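# Summary of the model geometry
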Amino acid sequence: MELTQEQQDKLDGKYGATMARVMQTLVRYGELFGAKRMVPVTGKYGHLVTSFGLGVISPVYEIMDELIASGIVSKQKFSIDPKPLDPDIPVSPLQDLVFRKFMYNKQDAYEEQLRKVGWMNDDAATCTCYFDEVGNKPEKGDILSWAESSAVVYANSVLGARCNRNSGIIELFGSVAGCVPEFGFLTDEGRKATWRVEVRTTEKPNAQLLGSAVGMKVMEEVPYIFGLDRFLGTELNDEACSYLKDFGAATASNGAVGLYHVDHLTPEAAEQGEALIRPDAKTYVIDDAELKRVEESYPVMWKNKDAAPKLCFIGCPHLTLTQLKQWTQDIHEELQRNGRSRVTVKTVFTTPPAVLKEFQRTEEYAMAREMGIIVSYICPLMYMNNPLCSSMPVITNSNKLRTYSTARFYQDDAILRIITGGDASAIPMQEKFMKAGSDAVKAAGKAVEAGKKAADRMKEQAEDAGRKDGGDDA
Amino acid sequence: MMRKFQGRVVIPGTVSARALVSHGGFNTLASLQKSLMFGTKDTICGDQNNPDLYKKKLNGQALCLPRTIGSTTGGMVLYTAAKMGRTPACMLFSEPIDSLAAAGALLTDIWSDAKMPTVDSLGSDFLDYVKTGMMIRIEENGVVVVEEAGR
């Protein structure tokens, strides 16, 4: 590989033994993929996928210690993925013990290491670091050293930045060395599409479901998508970007997509059009029947497949401010329609800390709290990654969370009905019976309660009348 | 019966071990996380979506696979397993290695004392031929020798 003098000096140990090993790792990594040179990381900020202080990954902390001891800090400040713990998320005493004393017992120490190496600030902890409120939004053409798959696919596809699907630690090394090997998505040729995906659905497809279908078909290849501009338009506005965020996360987790193009919408497709598609590209047609087939193929990982859901996560990847407001309004309307005031399944919205602060200033935040919704900056995946939580019947509208945990996927409208106790057509038959039974018991309980209160009132009235009579007598 | 396959050396080294074959992508995080987290004596595959490997012992085996899949923490997880002495004896890829597995193999080689020889690009014939339990021998030049069990 052709190296600049500075890169060669780093490799040769002139910047210390630790930097030499960092450089050796990056150079050998690039050589495996045919990189001819290392190119400077030009994005203003990095982003690390490893945000969790799991006791078991002590080898990672050893590397961090070695970097710190060698005086190596990142060339760029970085954000990190969401934190695994949030005191606002209710946990049982056993869960609390397991989380804090057993699983994430290195969280505080690891966060201290991150600060020393270059963490932007304590609030810069989200998988959606590219939101305006967070401030780590790369420019078109920026070279990045990131690893979080949903952020990489967004940065490449929607922002037009250039980043490979790196592993954790490798992305830190790129930020530390200030350079990355040039291959894959960093090259024009690596950004060409090898799949033509034609969306022919009758309505706007669910972003998470469409992304899942595309990901499972094309795996790590690059799709060029036709037909989405019918629903999203040709402008990358807030609605389109939110949709593409959720779509991309599903392509990256259900497959291994690191870059997609949407005809007439994403920056490179808008500029180059079908010239981005390789002549030998394969074709995948997605219609209503194909989406139905994909959704019905998902295995249900719950031990009791007919269990009633106990928890609902909305926000993987993290929600935008607009999405938070929209979900709140939708749930409010649905609860009103059902004659209820609070959600019937414990529901958690997840969003970056900076967006959470903005949301707290809106009227929708108070509405959400009144409806019993928890708003958190937690990572639902990390919450679910333990036997205590993985055995719980959790539902989600996230195809990423479904893929990496035992959570069960439902589309948005079904989630809305389930958590508001409304029309349960989306709920499996046995759950409906359980719910009907549960509602009947609750109704009977309310009737008994009302009867008791009425009897008490009558008794009080009778006693009052007696006292009054007696008093008069006195 | 014996067959030789020529691949590309990713991490040099020689080793002999029994084959453990995954015909689907190997999800590094899903496969290793439970064993690593609970410190079990052997690394037992915890990926319910991999019928070839689920509940099978991974450490000390010659893991034969097309590629790795799943979370981009994969390379870090593999490296962590290596530092704990819990990785397969070697990794043998039928396809060119993916970026996450490459990261794990390189971090193991450069940042730990563990040895996990790795060969990629062995071709689809390799994965069609090799069966779990067959004896595998890796030679220095990327040649992988597969012998039927018991020979």
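What counts and what doesn't
- Residues numbered from 1 in each chain as written.
- Chains lettered and ligands numbered in written order.
- Predicted model: local features only at pLDDT ≥ 70, side-chain atom pairs only at ≥ 80, totals over all residues.
- Helix = DSSP H or I, 4+ residues; strand = E, 2+ residues; numbered from the N terminus.
- Rg over C-alpha atoms; globule rule 2.2 N^0.38 Å.
- Buried ≥ 20, exposed ≤ 12 C-beta atoms within 10 Å, placed from the backbone.
- Contact = placed C-beta atoms within 7 Å.
- pLDDT = per-residue confidence, 0-100.
- Pairing = 2+ DSSP bridges.
- Core = buried A, V, L, I, M, F, W, Y, C linked by C-beta atoms within 7 Å.
- Arc of directions from axis to C-beta.
- Nonpolar A, V, L, I, M, F, W, Y, C, P; charged D, E, K, R; others polar.
- Axes fitted to C-alpha atoms, helices over the stretch in contact; angles between N-to-C directions.
- Parallel < 35°, antiparallel > 145°, perpendicular 65-115°, else oblique.
- Left-handed = near helix turned anticlockwise from the far one by under 90°.

### Some details on the overall build of chain B
Each helix and strand in chain B was counted, giving 4 helices and 10 strands. Seen in sequence order, chain B has helices and strands lined up from the N terminus as β-β-β-β-α-β-β-α-β-α-β-α-β-β. Here chain B has a C-alpha radius of gyration of 14 Å; the compact-globule value for 151 residues is 15 Å, and the two agree. When the backbone C-alpha atoms are referred to their principal axes, chain B occupies close to 40 × 30 × 25 Å. By the burial criterion, 56% of the 151 residues in chain B qualify as buried. For chain B, restricting intrachain contacts to residue pairs at least 6 apart in sequence, the fraction spanning at least 24 positions comes to 77%.

### Description of the confidence of the model for chain B
In the predicted model, chain B carries a mean pLDDT of 94, and 98% of its residues have values of at least 70. Interface confidence for the predicted complex, expressed as ipTM, amounts to 0.96; the pTM equals 0.89.

### Structural notes on the sheet that holds strand β8 (residues 277–286) of chain A
Pairing between the strands of a sheet is mediated by backbone hydrogen bonds and can be parallel or antiparallel. Residue and element names in this part refer to chain A. Taken in spatial order, the 4 strands make up an open sheet running β7-β6-β5-β8, and their pairing is parallel. Across the chains shown, the open sheet's two edge strands, defined by having one partner strand only, are β7 (261–262) and β8. Pairing geometry for strand β6 (residues 223–226) and β7, over 2 bridges, is parallel. Of the residues in β7, the one forming a bridge with isoleucine 225 is valine 262.

### Structural notes on the nonpolar core
Ala155(A), Ile169(A) and Leu92(B) are the most contacted members of the largest nonpolar core, which totals 184 residues. In terms of residues, this core owes the most to one element, helix α3 (residues 99–111) of chain B, which gives 8 residues. In this structure Leu92(B) touches Ala62(B), Leu63(B), Cys64(B), Val119(B), Leu122(B) and Val144(B), once residues within four positions along its chain are discounted.

### Points about helix α19 (residues 412–419) of chain A
Residue and element names in this part refer to chain A. Turning to α19, its buried residues number three or more, namely Ile415, Leu416, Ile418 and Ile419. Looking down the long axis of α19, one finds its buried residues gathered within 165° of arc, a one-sided arrangement. Contacts made by the buried residues of α19 are with β9 (311–314), α13 (321–337), β10 (346–350) and β12 (394–396). The first or second residue beyond α19 is glycine 421, which carries a positive phi of 65°.

### Topic: the interface of chain A and chain B
Listed per partner, the contact involves 26 residues of chain A and 24 residues of chain B. Among the secondary structure elements, those contributing two or more residues to the side of chain A that touches chain B are α2 (17–32) and α3 (58–69) of chain A. In terms of residue class, the side of chain A that touches chain B is built from 13 nonpolar, 9 polar and 4 charged.

### A short note on the packing of helix α6 (residues 149–157) of chain A against helix α10 (residues 238–254) of chain A
Residues and elements named next belong to chain A. Relative to each other, α6 and α10 sit at 120°, their axes nearing to 8 Å. On the basis of the axis angle, α6 is oblique to α10. With respect to the hand of their crossing, α6 and α10 are arranged in right-handed fashion. Taking contact as the criterion, the partners of Ser149, Ser150, Val153, Tyr154 and Ser157 in α6 are, on α10, Leu244, Lys245, Gly248, Ala249, Thr251, Ala252 and Ser253. Looking at the contact of α6 with α10 residue by residue, the classes come out as 5 nonpolar, 6 polar and 1 charged.

### Considering helix α7 (residues 170–177) of chain A
Residues and elements named next belong to chain A. Most of α7 is tucked away, with 8 of its 8 residues classed as buried. Looking at α7, one finds that the buried residues are Ile170, Glu171, Leu172, Phe173, Gly174, Ser175, Val176 and Ala177. Positive phi appears at glycine 178, one or two residues downstream of α7, with a value of about 80°.

### As for unusual backbone geometry
Both trends apply: most residues other than glycine have a negative phi, and most peptide bonds are in trans. All names here are of chain A. For the bond from cysteine 316 to proline 317, the omega torsion is 5°, close enough to zero to count as cis. You can see proline 317 is positioned in the loop between β9 and α13. Positive phi, normally seen in glycine, also occurs at methionine 219, with a value near 50°. Along the polypeptide, methionine 219 turns up in the loop between α8 (207–218) and β6. Judged by the 16 C-beta atoms lying within 10 Å of it, methionine 219 falls in the partly exposed class. Non-glycine residue histidine 264 carries a positive phi angle of around 65°. One can find histidine 264 in the loop between β7 and α11 (267–272).

### Side note on the pairing of strand β5 (residues 62–65) of chain B
Residue and element names in this part refer to chain B. Judged by which residues are buried, β5 turns out to be covered on both faces: Ala62 and Cys64 on one side and Leu63 and Leu65 on the other are all buried. Here strand β3 (residues 15–21) pairs with β5 via 3 bridges, running parallel. Bridge pairing in β5 places valine 21 opposite cysteine 64. Where β5 meets strand β7 (residues 90–93), 4 bridges bridge the pair, whose relative direction is parallel. Its bridge partner lying in β7, leucine 63 is registered against methionine 91.

### Focus: the environment of Ala20(A)
Residue position: Ala20(A) is located in helix α2. Not counting chain neighbours up to four residues away, the residues in contact with Ala20(A) comprise Lys10(A), Leu11(A), Asp12(A) and Gly13(A).

### Some words on the pairing of β3(B)
Two elements, β3(B) and strand β9 (residues 135–138) of chain B, share 4 bridges in a ladder whose sense is antiparallel. Counted as the bridge partner of Ala17(B) is Ile136(B) from β9(B).

### What about the packing of α3(A) against helix α5 (residues 107–117) of chain A?
Residue and element names in this part refer to chain A. In contact at an axis separation of 10 Å, α3 and α5 are set at 35° when each is read in the N-to-C sense. Crossing geometry of α3 relative to α5 is assigned as left-handed. Residues Tyr61, Met64, Leu67 and Ile68 of α3 form the contact with α5, whose participating residues are Tyr110, Gln113, Lys116 and Val117. Along the lines of polarity and charge, the residues of the contact of α3 with α5 split into 6 nonpolar, 1 polar and 1 charged.

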